[in-house]
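Coordinate analysis (summary)
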Number of protein chains: 2
Amino acid sequence: MSSCETCVVRNRAICAGLDNQEINALNAIGRRRNVSAGEPLIWEDDDSLLVANVIEGVLKLTTSTEDGREQIVGVAYPSDFIGRPFGQTSKASVVALTDARVCVFSRNDFDRFARSHPGLEHKLLERTLAELDRTRSWMMLLGRKTAPEKIATFLLEMSERLAETGCTPITRGPATRFTLPFSRQQVADVLGLTIETVSRQFTKLKNEGVIDLPARRDVEILDRPSLVSLAG
Amino acid sequence: MSSCETCVVRNRAICAGLDNQEINALNAIGRRRNVSAGEPLIWEDDDSLLVANVIEGVLKLTTSTEDGREQIVGVAYPSDFIGRPFGQTSKASVVALTDARVCVFSRNDFDRFARSHPGLEHKLLERTLAELDRTRSWMMLLGRKTAPEKIATFLLEMSERLAETGCTPITRGPATRFTLPFSRQQVADVLGLTIETVSRQFTKLKNEGVIDLPARRDVEILDRPSLVSLAG
DNA sequence: ACGCGGCTTTGATCGGTGTCAATCGATCGG
DNA sequence: CCGATCGATTGACACCGATCAAAGCCGCGT
């Protein structure tokens with residue numbers, strides 16, 4: 001298998017600040033890989049051997065307790081980075097939620113490349129800081145919000161993220177209608193709830209006319225202001 | 001006020017990878033500042049004007065809802081970074097828990113300096129990645145753990161962090177006796193619980209002989225294995 | 001010593017969310 | 001078309017942790 005030219009080229013975000021020579025060098029160490037929905041890419045506590053850049057699709061980052069409780073600690077969309085550069089082990093499992101295409105690097109190769117290309121490291125730093133901000137605001141949700149607030153916040157977040165990452169046809173502004181890349185159980189794992197509570201809150205919002213649920217994973221936002229005020 | 005030489009010199013972590021000339025240059029743009037317990041350093045949603053390096057003391061990073069619920073989303077110990085480089089606004093408030101000394105940089109100065117010193121940016125990246133890992137494992141706690149599990153995890157974390165950051169006299173291995181830099185309410189804000197639940201769980205552990213509580217904020221771990229198994 | 005105020009502990013009760021179980025509904029293969 | 005299967009919904013109930021309220025403890029200033 002040859003190097004994956006389109007991997008890098010398609011992801012402008014990661015390339016900004018790199019010149020052509022650098023892009024070619026990065027190409028040389030990355031390989032494209034397809035991952036189908038449900039397939040794992042990295043296991044929790046594995047030696048951190050892989051780093052990857054998402055080209056297409058959505059993946060979940062999870063941690064679990066021994067007795068099987070799961071928490072989704074992050075969601076990776078196109079152009080996001082996954083894996084743990086400069087670390088010994090990965091603290092989270094990565095599993096594809098939808099069919100996905102990623103550009104995979106061996107961690108050693110990537111680390112070496114990054115250290116000698118400050119432009120790439122800077123980009124990576126900015127992304128990591130932004131991800132940390134998002135993660136922290138999610139802590140607020142997990143620790144202090146009620147189930148209705150969690151659901152409303154989640155729906156608003158999804159309508160923004162799916163639009164801006166090109167996972168829905170509309171690209172300007174938040175989407176009003178979109179397909180969730182999550183099952184009900186996975187929504188529960190994102191919000192720290194049970195599947196039953198998620199289901200009840202969804203149907204409650206539907207009955208109140210705030211949203212519509214045309215299909216299992218489809219959501220249409222009918223009354224965004226209500227949702228915003230419910231989100232708290 | 002002159003530049004704060006000791007700010008940088010004392011923090012070996014941030015200096016690794018910088019040569020003397022760079023350290024002097026960084027000195028020139030930073031100022032030492034004392035913050036007393038309870039005093040805020042950065043306000044949530046402020047324009048992100050400050051970046052700082054903790055020299056001594058412990059600070060909390062918090063986000064709040066409009067109706068006053070608070071969640072502590074991070075804790076900064078000596079040598080940790082606070083503030084948001086390369087970002088427009090700070091998403092969290094920073095308030096000192098104990099009297100603290102920090103080395104403050106204007107964000108613009110710091111950003112400019114960092115961009116031209118890859119060694120510093122690399123260090124910052126490693127720290128941010130480590131912080132992201134810690135934050136994610138805290139999400140697991142907030143979303144999926146019960147009150148007893150939260151308390152046990154918290155006590156174990158404190159015994160490790162306070163030892164390794166030099167906030168307790170013992171420096172090798174986790175501390176068995178330490179002074180919390182938190183009030184009961186603040187412990188509740190870290191764990192996503194109420195003050196009453198925290199108090200009840202503490203006294204329960206005391207009655208079971210797992211810990212002792214010699215003073216308001218002092219904890220002695222009597223039976224670490226129990227605590228580990230309770231943490232789940 | 002005394003009383004005051006803040007933080008903490010303890011008690012009684014309530015409600016939200018989890019748990020367990022049954023039903024429903026859509027998709028798929030025969 | 002029909003049953004099998006998997007995910008989602010709905011219902012009944014229990015329990016954990018929140019809420020409200022009172023008392024305790026400790027440090028502090030007078």
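The notes below deal with the structure included here. (Residues numbered from 1 in each chain as written. Chains lettered and ligands numbered in written order. Predicted model: local features only at pLDDT ≥ 70, side-chain atom pairs only at ≥ 80, totals over all residues. Heavy atoms only, no water.)

**Examining the overall build of chain A**
Under the convention used in this document: Only runs of H or I of at least four residues qualify as helices and only runs of E of at least two qualify as strands under DSSP, and these elements are numbered from the N terminus. Think of it in three bands: residues with accessible area under 20% of the maximum for their type are buried, residues over 50% are exposed, and the middle band is partly exposed, with areas taken using a 1.4 Å probe on protein chains only. Contact criterion: two residues are considered in contact whenever any of their non-hydrogen atoms come within 4.5 Å of each other. For accessible areas, the Shrake-Rupley method is used with a probe of radius 1.4 Å. Any residue's cover is judged against the shown protein chains and nothing else.
Helix and strand content of chain A: nine helices and 11 strands. Residues classed as buried in chain A amount to 54% of the 232 residues present. Summarising the internal contacts of chain A: among those between residues at least 6 apart in sequence, 68% fall at separations of at least 24. Looking at chain A as shown, the accessible area adds up to about 10300 Å², and 47% of this sits on carbon and sulfur atoms.

**Structural notes on the protein's contact with DNA strand C**
Stated precisely, the cut-off is as follows: Only a single heavy atom is needed: when it lies within 4 Å of a molecule or strand, its residue is near that molecule or strand. Whenever a nitrogen or oxygen atom comes within 3.5 Å of another N or O atom, the pair is scored as a polar contact, on the condition that within protein one atom can donate a hydrogen and the other can accept it, and that pairs from neighbouring residues in sequence are kept only if both atoms are in side chains. Under the scheme applied, nonpolar residues are Ala, Val, Leu, Ile, Met, Phe, Trp, Tyr, Cys and Pro; charged residues are Asp, Glu, Lys and Arg; polar residues are all the others, including Gly.
In the vicinity of DNA strand C lie 18 residues, with A:Glu196, A:Thr197, B:Arg184, B:Ser199 and B:Thr203 positioned nearest. The share of sugar and phosphate among atoms of DNA strand C within 4 Å of the protein is 59%. Within the side chain of B:Ser199, a nitrogen or oxygen atom sits 2.8 Å from a phosphate oxygen of DNA strand C. B:Arg216 has a polar side-chain atom sitting 3.3 Å from a base oxygen of DNA strand C. Mapped onto the surface near DNA strand C, the elements with two or more residues apiece are helix H6 (147-164) and helix H8 (195-207) of chain A together with helix H7 (184-191) and helix H8 (195-207) of chain B. Its residues assigned to classes, the surface near DNA strand C comprises three nonpolar, eight polar and seven charged.

**Observations concerning helix H5 (residues 118-144) of chain B**
Note the following rule: The span expected for a helix works out to 1.5 Å for each residue beyond the first.
The end-to-end C-alpha separation of H5(B) is 39 Å, in line with the 39 Å expected for 27 residues at 1.5 Å each. Among the 27 residues that make up H5(B), 19 are buried, leaving the element largely enclosed by the rest of the structure.

**Comments concerning the packing of aromatic side chains**
All names here are of chain A. Here is the rule: Aromatic pairs are defined between Phe, Tyr and Trp rings, using the six-membered ring for Trp, whenever the two ring centres lie within 6.5 Å; interplanar angles under 30 degrees are classed as stacked, those over 60 as edge-to-face, and all others as tilted.
With the rule as written, the count across this model stands at six aromatic pairs over all chains. Here Phe-81 and Phe-110 contribute two aromatic rings whose centre-to-centre distance is 5.5 Å and whose plane-to-plane angle is 50 degrees, an arrangement assigned as tilted. Placement of Phe-81 in strand E6 (residues 81-83) and of Phe-110 in helix H4 (residues 107-115) is noted, with a sequence separation of 29 residues between them. For the pair Phe-81 and Phe-110, one class covers both residues: buried. Grouped by ring-pair contacts, the aromatic residues Phe-81, Phe-105 and Phe-110 constitute a single cluster.

**Observations regarding the protein's contact with DNA strand D**
Of all residues adjacent to DNA strand D, which total 17 residues, the nearest are A:Arg184, A:Ser199, A:Arg200, B:Ala147 and B:Thr197. Within 4 Å of the protein, atoms of DNA strand D come from sugar and phosphate in 64% of cases. A:Arg184 has a polar side-chain atom sitting 2.8 Å from a phosphate oxygen of DNA strand D. Side-chain polar atom of A:Ser199 to a phosphate oxygen of DNA strand D: 2.9 Å apart, as the coordinates give it. Looking at the surface near DNA strand D, the elements with two or more residues in it are H8 of chain A together with helix H6 (147-164) and H8 of chain B. Sorting elements by how many residues they give to the surface near DNA strand D places H8(A) first, with four residues. Residue composition of the surface near DNA strand D, by class: three nonpolar, seven polar and seven charged.

**A look at the nonpolar core**
Selection criterion: What is meant by a nonpolar core is a set of buried Ala, Val, Leu, Ile, Met, Phe, Trp, Tyr and Cys residues, joined one to another through side-chain atoms within 4.5 Å.
A:Leu59 and B:Leu59 are the most contacted members of the largest nonpolar core, which totals 106 residues. Not counting residues within four places of it along the chain, the set of residues in contact with A:Leu59 comprises A:Leu41, A:Val54, A:Gly74, A:Val75, A:Ala76, A:Ile82, A:Val94, A:Val95, A:Ala96, A:Leu97, A:Ala100 and A:Val102.

**Here we look at the sheet that holds strand E2 (residues 40-42) of chain A**
Residue and element names in this part refer to chain A. Our working definition: Any two strands with at least two DSSP bridges between them are considered paired. Fitting a line to C-alpha atoms yields each axis, with helices limited to the stretch in contact; the angle taken between N-to-C directions then spans 0 to 180 degrees.
One open sheet accounts for four strands, arranged E2-E7-E4-E5; its pairing is antiparallel. The open sheet has two edge strands, E2 and strand E5 (70-76), and neither has a second partner. Strand-to-strand twist in this sheet, taken as the mean axis angle between neighbours without regard to direction, amounts to 35 degrees. Bridge count for strand E4 (residues 59-64) against strand E7 (residues 93-96) is four bridges, and the pairing is antiparallel. Its bridge partner being in E7, Thr-62 is matched across the sheet by Ser-93. Sitting on the sheet, helix H7 (residues 184-191) is in contact with E4 and E5, with an inclination near 95 degrees to E5.

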